[in-house]
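One-letter residues, chain by chain:
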Amino acid sequence: MSYAWKVLSIALPVAVGVVLRTAAFGQPSLDELARDVERAESIRAVKQLQRTYAQYAQYGLWNEMADLFSSDGTYIFGEESARGRDAVATFLTSHEGHGRRGLLPGEVHAQLIEMPVVNLSTNGESAKGRWYGFSLLSDGKGNASIEGGVFENEYVR
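Not measured: the values here are computed from a predicted model. (Residues numbered from 1 in each chain as written. Predicted model: local features only at pLDDT ≥ 70, side-chain atom pairs only at ≥ 80, totals over all residues. Heavy atoms only, no water.)

Quick word on the packing of aromatic side chains
We describe a pair of aromatic rings using the distance from one ring centre to the other and the angle between the two ring planes.
And step 1. Scanning the model with the defined rule gives three aromatic pairs in all.
And step 2. Here Y53 and F69 contribute two aromatic rings whose centre-to-centre distance is 6.3 Å and whose plane-to-plane angle is 65 degrees, an arrangement assigned as edge-to-face. Here F69 lies in the loop between α3 (62–67) and β1 (74–77) and Y53 lies in helix α2 (residues 30–58), a separation of 16 residues in the sequence. For the pair Y53 and F69, one class covers both residues: buried.
And step 3. An aromatic cluster is present here, built from Y53, F69, Y75 and F91 joined pairwise through their rings. (Phe/Tyr/Trp six-rings, centres within 6.5 Å; stacked < 30°, edge-to-face > 60°. Helix = DSSP H or I, 4+ residues; strand = E, 2+ residues; numbered from the N terminus. Buried < 20%, exposed > 50% of the residue type's maximum accessible area, 1.4 Å probe, protein only.)

Below, the structure written as structure tokens:
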């Protein structure tokens, strides 16, 4: 079987399913389509927010990372936590940045995230996300480590 036919044999049942759904339930309304687009955009925005957070970590932009939190957001790492943007910025600066903004020459703070699962609330105003992640860390003086775990986050619009 050629590649084109393999793709067609997979795509054809999907297309038939869409046609059967449309025949059984009718065409979706403009409002339903708009709702579905908005929900897809919301999930994309959550994923982009988490990628931005990881990018800021790579450059030691602790305040910018904290700015991604809601005004009463809570950062929890192990047994420690901080609530509110200012407290989160202070926590990240002291724990991740060793009391300073940015990274020193040769320092590495790469946060790698993968396998997102994002569930949007019914009203579309909040979401829960779960990510696998690990950080590659180096102080630029020959000391390096890897930290890993699961991010379990709650997001609000």
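Observations concerning the layout of surface pockets
With a probe scaled to a water molecule rolled over the atoms, the places where space remains empty come into view.
And step 1. When its volume is computed, the largest pocket comes out at roughly 1,300 Å³.
And step 2. In terms of lining, the largest pocket is formed by 43 residues, of which the most central are Q50, F69, E152, N153 and E154.
And step 3. Residue contributions to the lining of the largest pocket peak at 10 residues, all from strand β5 (residues 144–156).
And step 4. Broken down by class, the residue content of the lining of the largest pocket amounts to 18 nonpolar, 17 polar and eight charged.
And step 5. Lining the second largest pocket are 21 residues, and of these H95, E96, H98, H109 and L137 sit closest to its centre.
And step 6. Elements represented by at least two residues in the lining of the second largest pocket include exactly β1, α4 (85–95), β3 (108–120), β4 (126–138) and β5.
And step 7. A class-by-class count of the residues in the lining of the second largest pocket yields eight nonpolar, six polar and seven charged. (1 Å grid on protein atoms, 1.4 Å probe; cavity = no way out; pocket = protein on both sides within 12 Å on 5 of 7 lines; lining within 4 Å. Points joined across faces, edges and corners; volume = space filled by probe spheres on them. Nonpolar A, V, L, I, M, F, W, Y, C, P; charged D, E, K, R; others polar.)

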